[in-house]
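# Observations on the three-dimensional arrangement
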Amino acid sequence: MTGRCTPLVLCLLLVTLATLAQAAEEIKWLPGGYEAALKAATGSGKTTLLAFGSAYCEFCDRMNQDVLPDAKLIQLSRSFECARIDADERDDLVVKYKAYVLPTYLFTDAKGEVIYRFSGYTPADVFWVYLRTALRLAPAKTELATLQAKADAGTATPQQLARLGRLLRKFDRPAEAASYLTQALAALKPDSPEALLAQLDKAIVDSTRGTQTALGALEGWIVANPKHVERWEAQYQLGMAQA
């Protein structure tokens, strides 16, 4: 017997290496689902990424085939504890998180409190932006608590109320967000940068009601601010409200 590799052995070796490489280039979904993600987040301090989907969801399949294999997403996903949630088997979580549109992607802390979320088919470059947004929002929970305390004490400035409203919107607390944004807009100069963002946040919150007036306000903001850095989110939120 010589030290040479036969063609068959070499072929099997290449197939094995290719399989291992492919496995290394996938998002690492925790096999224990929701509970496993929260447990892992408790130990690692990371934010969870919970992907709600279904075997009967066409857009879920498209996300799995066309978007989630993106190399940049896979790399950034290492910053999260990731788990798939089968919406057909976990009605309790669908109701708890109002994940009625599939696919829905939730980012939570180790206690399961929502930090950020989005739904629907999402191109890879936009998905990457949302991952980055979730990473930025996780530390913002401390800022949220500080601003909330100032608002409760009546010492928050209009700028701080606008920031509080923005954070509450992103943390999926629309009713509270609308209240603080209304207060901020009543005190801010209409043409100030803070007022412009507060107008957008208020329009996004209101658009969830789906009324023509609310949708019109969001459309008007987009038309009036074609080059604003937040225009992409405004367009996404408008699309979700119209869906």
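Residues numbered from 1 in each chain as written. Predicted model: local features only at pLDDT ≥ 70, side-chain atom pairs only at ≥ 80, totals over all residues. Heavy atoms only, no water.

## Here's the deal with helix α9 (residues 174–187)
With 14 residues, α9 should reach 20 Å at 1.5 Å per residue; the first-to-last C-alpha distance of 20 Å fits that figure. Among all positions in α9, only A177, A178, Y180, L181 and A184 are buried. Check the buried side of α9 and you find it contacts α7 (140–153), α8 (158–170) and α10 (193–207). (Helix = DSSP H or I, 4+ residues; strand = E, 2+ residues; numbered from the N terminus. Expected span 1.5 Å × (residues − 1). Buried < 20%, exposed > 50% of the residue type's maximum accessible area, 1.4 Å probe, protein only. Contact = heavy atoms within 4.5 Å.)

## Digging into the sheet that holds strand β2 (residues 80–86)
What holds strands together in a sheet is hydrogen bonding between their backbones, with the strands either parallel or antiparallel. Within the open sheet, the 4 strands sit side by side as β2-β1-β3-β4. Their pairing is mixed. For this open sheet the edge positions go to β2 and β4 (114–119), each flanked by a neighbour on one side alone. Ignoring which end each strand starts from, the neighbouring axes of this sheet average 20° apart. The sheet contact formed by strand β1 (residues 47–53) and strand β3 (residues 104–108) spans 5 bridges and is antiparallel. When the bridges of β3 are listed, L49 appears paired with F107. Running at roughly 165° to β4, helix α6 (residues 124–137) makes contact with β1, β2, β3 and β4 of the sheet. (Pairing = 2+ DSSP bridges. Axes fitted to C-alpha atoms, helices over the stretch in contact; angles between N-to-C directions.)

## A word on the side chain of T133
The topology assignment puts T133 in helix α6. Apart from residues lying up to four places away in sequence, T133 is in contact with Y116 and K170.

## Re the packing of aromatic side chains
Going through the model one piece at a time under the given rule, you end up with 13 aromatic pairs. Between the aromatic rings of F59 and Y121, the centroid separation amounts to 6.4 Å while the plane-to-plane angle is 50°, which identifies the pairing as tilted. Linking F59 in helix α3 (residues 58–67) with Y121 in the loop between β4 and α6, this pair joins segments that are 62 residues apart in sequence. In this structure Y121 comes out as partly exposed when scored by relative accessible area, which is 30%. Aromatic side chains F118 and F127 sit 5.1 Å apart centroid to centroid with 90° between the ring planes, which places their arrangement in the edge-to-face category. Judged by its relative accessible area of 2%, F127 is buried. Ring pairing ties together the aromatic residues F80, Y105, F107, Y116, F118, F127, Y130, W232 and Y236, which thus form one cluster. Looking at R62, its charged tip hangs above the ring of Y121, at a distance of 4.4 Å from the centre. For the cation-ring pair, K72 lies above W128, with the distance from its terminal atom to the ring centre recorded as 4.9 Å. (Phe/Tyr/Trp six-rings, centres within 6.5 Å; stacked < 30°, edge-to-face > 60°. Lys NZ or Arg CZ within 6 Å of the ring centre and 35° of its normal.)

## Considerations on the state of the cysteines
Inspection of the entire model under this criterion finds 1 disulfide. A disulfide bridge connects C57 with C60, and the sulfur atoms are separated by 2.3 Å. Handedness of the C57-C60 disulfide follows from its S-S torsion of about 80°: it is right-handed. As far as burial versus exposure is concerned, C57 and C60 are alike and both buried. Unpaired in terms of disulfides, C82 finds its nearest cysteine sulfur in C60, a separation of 16 Å. Taking the relative accessible area as the measure of exposure, C82 reaches 2% and is therefore buried. (Disulfide = S-S within 2.5 Å.)

## Notes on α10
Helix length check: α10 (15 residues) gives 21 Å between terminal C-alpha atoms against 21 Å at 1.5 Å per residue, within 8%. All of the buried residues in α10 are A195, A198, L200, D201, K202, A203, I204, V205, D206 and S207. In the core, the buried residues of α10 are packed alongside α8, α9, α11 (212–224) and α12 (231–242).

## Considering the packing of α8 against α10
At a minimum axis distance of 10 Å, the contact between α8 and α10 shows a crossing angle of 35°. In the packing of α8 onto α10, the handedness of the crossing is left-handed. Residues Q159, A162, R166 and R169 of α8 touch α10, and the partners they reach there are E194, L197, A198, D201, I204 and V205. Tallied by class, residues from the contact of α8 with α10 come to 5 nonpolar, 1 polar and 4 charged. (Left-handed = near helix turned anticlockwise from the far one by under 90°. Nonpolar A, V, L, I, M, F, W, Y, C, P; charged D, E, K, R; others polar.)

## Looking at the nonpolar core
One finds F107, Y116, F118, F127 and L131 to be the most contacted residues of the largest nonpolar core, which totals 43 residues. If sequence neighbours within four positions are ignored, L131 has contacts with L49, L73, L76, F80 and F107. In terms of nonpolar packing, the next biggest core, distinct from the first, is built from 14 residues, A87, V94, A99 and V114 among them. (Core = buried A, V, L, I, M, F, W, Y, C linked by side-chain atoms within 4.5 Å.)

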